[in-house]
Amino acid sequence: MHLELATRGGDSAVDRADAADAPGADGEGGAAVDEQRYRRRIAKAKRAARSELRAEQWSRMRLAELEAEHIARHGGPDMPPGRPADGASNGGTCGDGCACRIECCAGGGRGSSDDDRPHPAGMFWIPPQRDSVPRIDAARVSPAEFVAEWEAPGRPVVIRGVSDEWPASTAWMPEAFVRTYRNQKFKVGQDDEGDKVTLAAKYYMRYALTDPDGARADDSPLYIFDASVFKSAPQLARDYTVPEYFRDDLFRLVGSSRRPPYRWIVMGPARSGTGIHIDPLGTSAWNTLLLGHKRWALFPPGTAKDKIDPKLKDREAVTWFMNVYPKLRAAGEDLGMVEIIQRPGETVFVPGGWAHVVMNLGEAHAAVECDEWFWGHAS
């Protein structure tokens, strides 16, 4: 599940939840989310998660500023995804006047077709004609049909209607989530020794949602990616139901004690995400989005690694979209690349062996997601 949590302005859900707490709720003898303590925790987490960066280098590319200028020039953050609306400012291309000047922006700012036009919602969005993966309705496609049409041949697909009745649809909205899990610690990275770096939800949500100097300013913000939290917060696993298509899972045959990590809760604001990778052990994966948008690029098994995963200064998703994607776009069809803008209520099925890179989109958003891997089909 991926929940894009949006706040704009002052009295956010996080602020209201903080104000509702009694003094000392942090368990450290202070008021709820003490400002200095919050700053120290975020700074410590950043130093540990990416020791190669000094504090000022987290925003060295000025992507937040460039995104804001792009939106001001070409549209607005409330513009729905798709083609620029009538009357939206086009004002040239992003290579001709817009300060972002990056080739991953819409069509790269080259030409005047809809495919090349700067997207009004932001510089990392793509037009609908490049959102090429088929969509199916869970209510109309049986598990047997799904296996035959999508799982067995290893074809990505987007499924609608999976999460309509999930408790997470309300329990994971910002105010409820912060109130329930505010002191729960989540993994936001790992240090140079491979040990996990954690933050309490109350600190991370403030960083991701309301602090103007937090995730909103960072080029590639801290990103919760936690598999172990389901043991310490078991309610999270009860807030969703594994879709019927994925319940017949060979992993269950090894038993829970021997089963490797297979599900993660993931939370991250705009420009956070996961770099190019292939899920291990031949597993397939599903990812359900509850609110917001995610951008995907996927490549079929056998795609040359040196073309899609060259050596970069880091493995951040935003770095890949800025440096690798522009070079691949012209050859994308030959490589079998497919792209997705995942929308609320949609589940992406990623077959085993498909390399993929994923980035969260949106202005002043955060995201909560649960990825699950499964292994083959037992029938």
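Preceding block: the structure.
Everything in this summary refers to the structure shown in the same document. This structure is a prediction, so every number in the text was calculated from the model and none was measured.

What counts as what
Residues numbered from 1 in each chain as written. Predicted model: local features only at pLDDT ≥ 70, side-chain atom pairs only at ≥ 80, totals over all residues. Heavy atoms only, no water. Helix = DSSP H or I, 4+ residues; strand = E, 2+ residues; numbered from the N terminus. Buried < 20%, exposed > 50% of the residue type's maximum accessible area, 1.4 Å probe, protein only. Contact = heavy atoms within 4.5 Å. Areas by Shrake-Rupley, 256 points an atom, 1.4 Å probe, with all protein chains shown as cover. Core = buried A, V, L, I, M, F, W, Y, C linked by side-chain atoms within 4.5 Å. Arc of directions from axis to C-beta. Salt bridge = Lys/Arg side-chain N within 4 Å of Asp/Glu carboxyl O. Pairing = 2+ DSSP bridges. Axes fitted to C-alpha atoms, helices over the stretch in contact; angles between N-to-C directions. Parallel < 35°, antiparallel > 145°, perpendicular 65-115°, else oblique. Expected span 1.5 Å × (residues − 1). Polar contact = N/O pair within 3.5 Å; in protein donor to acceptor, adjacent residues only side chain to side chain.

### Here we look at the overall build of the protein chain
Link 1 in the chain: What the protein chain contains, in helices and strands, is 13 helices and 14 strands.
Link 2 in the chain: Looking at the 379 residues of the protein chain, the share that counts as buried comes to 53%.
Link 3 in the chain: The contacts of the protein chain with a sequence gap of at least 6 include a subset with a gap of at least 24, amounting to 77%.
Link 4 in the chain: A total of about 16400 Å² of accessible surface is found on the protein chain, and carbon and sulfur atoms cover 50% of it.

### Brief notes about the environment of I278
Link 1 in the chain: Of note, I278 is situated in the loop between β8 (273–277) and β9 (284–291).
Link 2 in the chain: With near-sequence residues (within four places) excluded, I278 lies in contact with G353, W354 and A355.

### Re the nonpolar core
Link 1 in the chain: Core analysis: the largest hydrophobic core is formed by 46 residues, its most contacted members being F146, I159, F177, F186, Y204 and L236.
Link 2 in the chain: The contact partners of I159, leaving out residues within four places of it in the chain, are I136, A138, F146, Y245, F246, G345, E346, T347 and F349.
Link 3 in the chain: Grouped together as the second largest cluster of nonpolar side chains are 25 residues, L63, I126, A317 and Y325 included.

### Some thoughts on helix α6 (residues 174–181)
Link 1 in the chain: Every buried residue of α6 is accounted for by P174, F177, V178 and Y181. Take α6 and look down its axis: the buried residues cluster within an arc of 95°, on one side only.

### Here we look at the pattern of salt bridges
Link 1 in the chain: Under the defined criterion, the tally for this structure stands at 16 salt bridges.
Link 2 in the chain: R39 is paired through a salt bridge with D211; the nearest N and O atoms lie 2.5 Å apart. Residue R39 is found in helix α2 (residues 35–49), and its partner D211 is found in the loop between α7 (201–210) and β6 (224–226); the two are separated by 172 residues along the sequence.
Link 3 in the chain: As a salt-bridge pair, R343 and D131 come within 2.7 Å of each other at their nearest N and O atoms. Separated by 212 residues along the polypeptide, R343 in the loop between β11 (338–342) and β12 (346–350) and D131 in the loop between α3 (63–74) and β2 (135–137) bring together distant segments of the chain.
Link 4 in the chain: You can call D131 buried: its relative accessible area is 11%.
Link 5 in the chain: One network of salt bridges, in which partners are shared, links D131, R135, R160, R343 and E346.

### Examining the sheet that holds strand β10 (residues 293–299)
Within a beta sheet, neighbouring strands are joined by backbone hydrogen bonds and run either parallel or antiparallel to one another.
Link 1 in the chain: Across the sheet, four strands lie side by side as β8-β13-β10-β11; this open sheet has antiparallel pairing. Of all the strands in the sheet, the pair left with one neighbour each is β8 and β11. Looking at each pair of strands side by side, their axes are set apart by 15° on average, direction ignored.
Link 2 in the chain: Bridging between β8 and strand β13 (residues 355–361) involves three bridges; their strand directions are antiparallel. Looking across to β13, one finds that T274 is bridged to V358.

### Concerning the packing of α2 against α7
Link 1 in the chain: Their axes nearest at 10 Å, the elements α2 and α7 cross at an angle of 85°. On the basis of the axis angle, α2 is roughly perpendicular to α7. Contacts between α2 and α7 involve E35, R37, Y38, R41, I42 and K46 from the former and Y203, R206 and Y207 from the latter.

### Examining α2
It helps to recall that an α-helix has 3.6 residues per turn; residues three or four apart then point in one direction.
Link 1 in the chain: For α2, which comprises 15 residues, the first-to-last C-alpha distance of 21 Å matches the rise-based estimate of 21 Å (1.5 Å per residue) to within 8%.
Link 2 in the chain: When we look at burial in α2, the residues that qualify are R37, Y38, I42, A45 and K46. Along α2, the residues classed as buried sweep out an arc of 165° about the axis, all on the same side. Those residues of α2 that are exposed and aimed more than 90 degrees away from the buried face are Q36, R40, K44 and R47.
Link 3 in the chain: Each element contacted by the buried residues of α2 is listed here: β4 (185–190), β5 (196–200) and α7.
Link 4 in the chain: The distance from a side-chain oxygen at the start of α2 to the backbone nitrogen of Q36 is 3.2 Å, and the residue carrying that oxygen is D34.

So yeah, pure geometry; function would need other evidence.
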